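# A look at the structure
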Amino acid sequence: MTGPQGPQGERGQDGATGPQGPQGERGQDGAAGAQGPQGERGQDGAGLSPEHLEEIAKHGQRLDELEKQQKNQQAQLDNLPPRNIQADEPKAGQGGNVSRPIPRPVESPLLKAWNRLTPVAKREARGQLSGAANANLGRATLSGTGQVGNSALAAMRQLGNGMLATQGNTPAQVSLAGRSEINPGDSRLWVQALNNASSFDQPQGQKAFGQNTRGVVMGVDWALDDEWRMGLLGGKSLSKHKGERFEGDLDSWHVGTYAVHQSGPLALRLGAVHSQHYGKTQRNVEFGGYKDRLTGDYGANSQQVFGELGYNLGSGSLSAEPFANLGYQRYSRKGYTEKGGEAALKADAQTHDNFSTTLGLRTASIKHMDNKMSLAPRLSAGWKHMYGAIDSTSTQTNRVTGSTYNTKGIAQDRDSLVVEAGLDLNLSARHSIGVAYNGEVGNNSRTHGIMGQWKMSF
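Residues numbered from 1 in each chain as written. Predicted model: local features only at pLDDT ≥ 70, side-chain atom pairs only at ≥ 80, totals over all residues. Heavy atoms only, no water.

### Brief notes about the overall build of the chain
If you tally the helices and strands in the chain, you get four helices and 19 strands. Put simply, the chain has 458 residues, and 39% of those count as buried. Restricting the contact set of the chain to residue pairs at least 6 apart, pairs at least 24 apart contribute 63%. By element, 54% of the accessible surface of the chain is carried by carbon and sulfur atoms, the whole surface being about 26,000 Å². (Helix = DSSP H or I, 4+ residues; strand = E, 2+ residues; numbered from the N terminus. Buried < 20%, exposed > 50% of the residue type's maximum accessible area, 1.4 Å probe, protein only. Contact = heavy atoms within 4.5 Å. Areas by Shrake-Rupley, 256 points an atom, 1.4 Å probe, with all protein chains shown as cover.)

Laid out in structure tokens, this is it:
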């Protein structure tokens, strides 16, 4: 039996007093119950038996071994090479300790067709991929807009600028200036219809690149004094471009001003025209089983400035005028990107300009008829010379192949022959109609144009 409970004592060492009693519950904070027989040394006041401590130790050893095994297994998995799981396998990489599938490379029909070509076929295919026809747009555009400047010059060259030649009591208009004075306050309205076609030679084996322009130009001018006359013009034209596997449409607007100074037989004619262009292109690529249809939209503008000096040597109903002309043309196109398949190109901006001189002789005559009308045929010929670079280059890039193409456009002719022939019917002193042909022929290109004109003075 146990004695009365005594005060809480310090932790005993190896042998509490009292006879051995039954094993008690775990004490708290080292508090002892009734004094019993000498017990085993406790650990940190915990009332765990040596068997429990031994089990805990063994369990800890097993956990250490399991942790070590897991680390070894993970290390072995990390050292394994990755496994490529294809999309048609059962789990397709969605279960198990496998790496993600590596995607298959995207196939390129263009590159596949290119790799099947022979070296000779690759040269022909490279010409299609380079979009060489796009480099010809500037040359073709300037050829078409040149007709607008010719319209202004044709209007200034005619004596209908308020200057009348008389035969008896019958006034009549003639086609060359210099016969009479300008009357201040006289005004004139004129309209010209344009039809211009050009053909540009291409390298051997390719068909010629062509352009066809149709449009209308309207002008009004008035006399400032006895010697000066000034005018304004505006116009609209539509052009068609056609080449090897290429077609294009060009919508153009034109605005300009001009002035003529007449002092006796000496005439000075000045003019400037600005044109705004909106173009569409379409080209086809086909080689080695690969086919592509590519379209593009681009914006461009052009300017032309000219001055001409002429001296009238004629007398009576026949006139002859030697002339010298100085001209400047500039073309500027914005960059654009084609739409379509893999053969689509990104085209950089393009700019090209030239100075030119033309020296020639112009003749005209007038034949009066009994009905008070008159006919005025005219003819001129000149030699035109271009200055500066006559080649233009277009830089274009293909995003699929990474290739950059620096393609030369059609070269302008350094020297060419310029001709003009026309016939005016003067219905009255202030009303006339006429038609004219103008052409330019060089080694590499030929341009032909027809103009129909209606003119009324008031």
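Back to the text.
### Focus: unusual backbone geometry
Residue Arg245 is not a glycine yet carries a positive backbone phi of 55 degrees. Looking at where Arg245 falls in the secondary structure, it is placed in the loop between strand E5 (228–243) and strand E6 (246–263). The exposure class of Arg245 is partly exposed, given its relative accessible area of 34%.

### So, the sheet that holds strand E10 (residues 336–337)
Ordered by their spatial adjacency, four strands build an open sheet running E10-E11-E15-E16, and the pairing between neighbours is antiparallel. Edge positions in the sheet fall to E10 and strand E16 (404–408), since each of these pairs with one other strand and no more. One ladder, built from five bridges, connects strand E15 (residues 393–398) with E16; its direction is antiparallel. Considered in E16, the bridge of Gln396 is made with Tyr405. (Pairing = 2+ DSSP bridges.)

### So, the pattern of salt bridges
The full count for this structure, using the stated rule, is 17 salt bridges. Measuring nitrogen to oxygen at the nearest pair gives 2.8 Å for the salt bridge that ties Asp249 to Lys240. You can call Asp249 partly exposed: its relative accessible area is 35%. By relative accessible area, which is 53% here, Lys240 ends up exposed. Taking the shortest distance from any N to any O, the salt bridge between Lys384 and Glu440 comes out at 3.6 Å. Placement of the pair is Lys384 in strand E14 (residues 374–387) and Glu440 in strand E18 (residues 431–442), with a sequence separation of 56 residues. Taking the relative accessible area as the measure of exposure, Glu440 reaches 26% and is therefore partly exposed. A network of salt bridges, in which partner residues are shared, links Arg157, Arg269, Glu308, Glu321, Arg362, Arg378, Glu420 and Asp424. (Salt bridge = Lys/Arg side-chain N within 4 Å of Asp/Glu carboxyl O.)

### What about the packing of aromatic side chains?
Here the structure, examined in full by the defined rule, presents five aromatic pairs. Residues Phe209 and Phe246 carry aromatic rings whose centres are separated by 5.9 Å and whose planes lie at 35 degrees to one another, so their mutual orientation is tilted. In this pair, Phe209 sits in strand E4 (residues 209–223) while Phe246 sits in strand E6, placing the two residues 37 residues apart along the sequence. By relative accessible area, which is 0% here, Phe209 ends up buried. Taken together, a centroid distance of 5.7 Å and an interplanar angle of 35 degrees make the contact between Tyr298 and Tyr336 tilted. Here the residue Tyr298 occupies a position in strand E8 (residues 290–311), and Tyr336 occupies one in strand E10, the gap between them amounting to 38 residues. (Phe/Tyr/Trp six-rings, centres within 6.5 Å; stacked < 30°, edge-to-face > 60°.)

### Some words on the pairing of E8
Strand direction decides the pairing type here: strand E7 (residues 266–287) and E8, joined by 22 bridges, are antiparallel. Looking at the pairing, Gln282 lines up with Thr295 of E8. Turn length for the E7-E8 hairpin, with the two strands adjacent in sequence and antiparallel, is two residues, and the turn residue Gly288 shows positive phi of about 55 degrees. One ladder, built from eleven bridges, connects E8 with strand E9 (residues 318–333); its direction is antiparallel. Residue Gly307 lies in a different strand from E9, and its bridge partner there is Leu326.

### Considering the nonpolar core
Formed by 16 residues in total, the largest nonpolar core has its most connected members in Val148, Met156, Trp190, Val217 and Leu233. Those elements giving two or more residues to this core turn out to be helix H4 (137–157), strand E3 (187–200) and E6. (Core = buried A, V, L, I, M, F, W, Y, C linked by side-chain atoms within 4.5 Å.)

### Considering the confidence of the model for the chain
Low pLDDT means the predicted coordinates in that region are not meant to be read closely. The pLDDT averaged across the chain works out to 78; a share of 70% of its residues lies at or above 70. This stretch, residues 55–60, has a pLDDT under 50; its non-local contacts, to residues over four places away or in other chains, come to one contact. The low-confidence segment residues 83–96 (pLDDT under 50) makes 14 contacts with residues lying over four places distant or belonging to another chain. (pLDDT = per-residue confidence, 0-100.)

### Some points on the pairing of E18
With eleven bridges joining them, strand E17 (residues 415–426) and E18 adopt antiparallel strand pairing. Residue Val418 lies in a different strand from E18, and its bridge partner there is Glu440. Linking two consecutive strands that pair antiparallel, namely E17 and E18, is a turn of four residues. Pairing of E18 with strand E19 (residues 445–457), which is carried by eleven bridges, proceeds in the antiparallel orientation. In the strand pairing of E19, His431 is matched with Met456. In this structure, the hairpin formed by E18 and E19 is closed by a connection of two residues.

### Some points on helix H3 (residues 119–129)
An α-helical segment advances 3.6 residues per turn. Residues three or four places apart therefore align on the same side. Along H3, the residues classified as buried are Ala125, Gln128 and Leu129. Projected onto a plane normal to the axis of H3, the buried residues spread over an arc of 90 degrees and lie on a single side. Exposed residues pointing more than 90 degrees away from the buried face of H3 are listed as Pro119, Val120 and Arg123. On the buried face of H3, the contacting elements are helix H2 (109–115), E7, strand E11 (345–347) and E16. One or two steps after H3, the chain reaches Gly131, where phi turns positive at roughly 60 degrees. (Arc of directions from axis to C-beta.)

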